[in-house]
Amino acid sequence: MTGRVAALSLALTLMLAGCGAAETSAPVAEAAADVAEAAPAKGDGAAPVAVSVPRIAYIYRLGYRVAGDAIPKLQQAHVALCDRLGPTRCQVAGMQSSGGEADYASGTLKLRVESGVARAFITRLNAAAASAGGRTTETAIEAEDVSKQIVDASARIRQRELLVTRLTEVLRTRQGSVGDLVAAERAVAEAQEELDQAKGWLAELNGRVALSTVEISYGAQAADSGGFGAQLQDTLAQSGSLFLIGLRSLLTILIVLAPWALLFGPLVWLGLRWRRRRMARPVAPSD
């Protein structure tokens, strides 16, 4: 971080010097240098930033199997549980469902839930699925420690805020040519852009920690078999399928062997005929 600030200070100095106003560029360079000196350098004995509690961003992945026509109802039940928490504690980030035949129906739901109640909320999701006749097929938790990223972003924000303040003060009080003012304003704009980016990244990290992501997938499960008639019908259907598979295999073999039979069939027939004639020839009596 200190290296970047020092590089920015050098760039500011070179820009202002190139405009032909070395005497007016000194305040800007001094302001940037003050920021560089204010930032602790690596290995200078400065105390590291202490992080007492790790900042963890959680992603929960759940999977449910339920009757195909019950998937939309279960999705709505889960969305209703989210709505009960309120928009500040639970948000719907996305929902999708595909209909068609019941056996091939599916759906997804993505929620962002307050981290402190996420696990209790998942228990309610499981209970709603069980009430709809479904079962849990997947449960996974992914955790990412973003403590270092948050500390780095906070430090970058502090340094950029200090740099912008110093450079703005230099612009307000300095005297110089139009070129010098333009170069200094450009440096302030670049520092302000980096500051805004760092603030946005820090806000995103804090949001990931405060609200855990819950990704839910829904799949259709086959209905339970009926009585003996339904089982017999399934058996007949399976036997018919097996018969067709066997017939197709037999036809495939015949089609493959037919050209070879036409090629070698006459030779085999001639060979067998010649053998029969030889065996049928009378044997001459020996003296």
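Let me begin by describing the structure that accompanies this report. Just so you know, these numbers come straight off a predicted model, no measurement behind them. (Residues numbered from 1 in each chain as written. Predicted model: local features only at pLDDT ≥ 70, side-chain atom pairs only at ≥ 80, totals over all residues. Heavy atoms only, no water.)

### What to know about the state of the cysteines
Line of reasoning, step 1. Across all of its chains, the model carries 1 disulfide by this definition.
Line of reasoning, step 2. Each disulfide pairs two cysteine sulfurs, and for C82 the partner residue is C90, the sulfurs being separated by 1.9 Å. Its torsion about the S-S bond being -115°, the disulfide of C82 and C90 is classed as left-handed. Accessibility classification places C82 together with C90 in one group, the buried group. (Disulfide = S-S within 2.5 Å. Buried < 20%, exposed > 50% of the residue type's maximum accessible area, 1.4 Å probe, protein only.)

### Some thoughts on the sheet that holds strand 3 (residues 106-114)
Line of reasoning, step 1. The sheet built from 5 strands is open, its strands ordered 2-3-5-1-4 with mixed pairing. Only two strands of the sheet have a single neighbouring strand rather than two, namely strand 2 (90-98) and strand 4 (135-145). For this sheet, the mean angle separating the axes of adjacent strands, direction not counted, is 10°.
Line of reasoning, step 2. Note that strand 3 and strand 5 (residues 211-220) share 9 bridges and pair antiparallel. Following the sheet pairing, E114 is matched in strand 5 by L211. (Pairing = 2+ DSSP bridges. Helix = DSSP H or I, 4+ residues; strand = E, 2+ residues; numbered from the N terminus. Axes fitted to C-alpha atoms, helices over the stretch in contact; angles between N-to-C directions.)

### Describing helix 5 (residues 147-173)
Line of reasoning, step 1. Under the 1.5 Å per step criterion, the end-to-end length of helix 5 is 40 Å for 27 residues, consistent within 8% with the ideal 39 Å.
Line of reasoning, step 2. Listed in full, the buried residues belonging to helix 5 are S147, I150, A153, R156, I157, Q159, R160, L163, V164, L167 and V170. (Expected span 1.5 Å × (residues − 1).)

### Points about the pattern of salt bridges
Opposite charge on two side chains permits them to pair, given that their charged atoms come into close proximity.
Line of reasoning, step 1. In total, this model carries 8 salt bridges according to the counting rule given.
Line of reasoning, step 2. The shortest N-O distance in the salt bridge between E142 and R61 comes to 2.7 Å. Here E142, found in strand 4, pairs with R61, found in strand 1 (residues 56-66); they are 81 residues apart in sequence, far enough to count as distant.
Line of reasoning, step 3. Here E142 falls in the partly exposed class, since its relative accessible area comes to 37%.
Line of reasoning, step 4. For the salt bridge of E194 with R156, the shortest nitrogen-to-oxygen distance reads 3.3 Å. One end of the pair, E194, is in helix 6 (residues 178-210); the other, R156, is in helix 5, and 38 residues separate them in sequence.
Line of reasoning, step 5. Here E194 falls in the partly exposed class, since its relative accessible area comes to 26%.
Line of reasoning, step 6. Taken together, the shared-partner salt bridges in this structure form one network comprising R61, E142 and E215. (Salt bridge = Lys/Arg side-chain N within 4 Å of Asp/Glu carboxyl O.)

### Some points on the environment of G207
Line of reasoning, step 1. With respect to the secondary-structure elements, G207 resides in helix 6.
Line of reasoning, step 2. Spatially, the C-alpha atom of G207 lies 9.7 Å from that of R112, the residues being 95 residues apart in sequence.

### Some details on a nonpolar patch on the surface
Line of reasoning, step 1. Side chains of I253, V256, L257, W260, L263, F264, L267, V268, W269, L270 and L272 sit close together on the surface and give an oily, nonpolar patch of about 1200 Å² of accessible area.
Line of reasoning, step 2. Note on W269: relative accessible area 48%, which makes it partly exposed. (Patch = residues over 30% accessible without salt bridge, like charges linked within 9 Å, V, L, I, M, F, W, Y side chains within 5 Å. Areas by Shrake-Rupley, 256 points an atom, 1.4 Å probe, with all protein chains shown as cover.)

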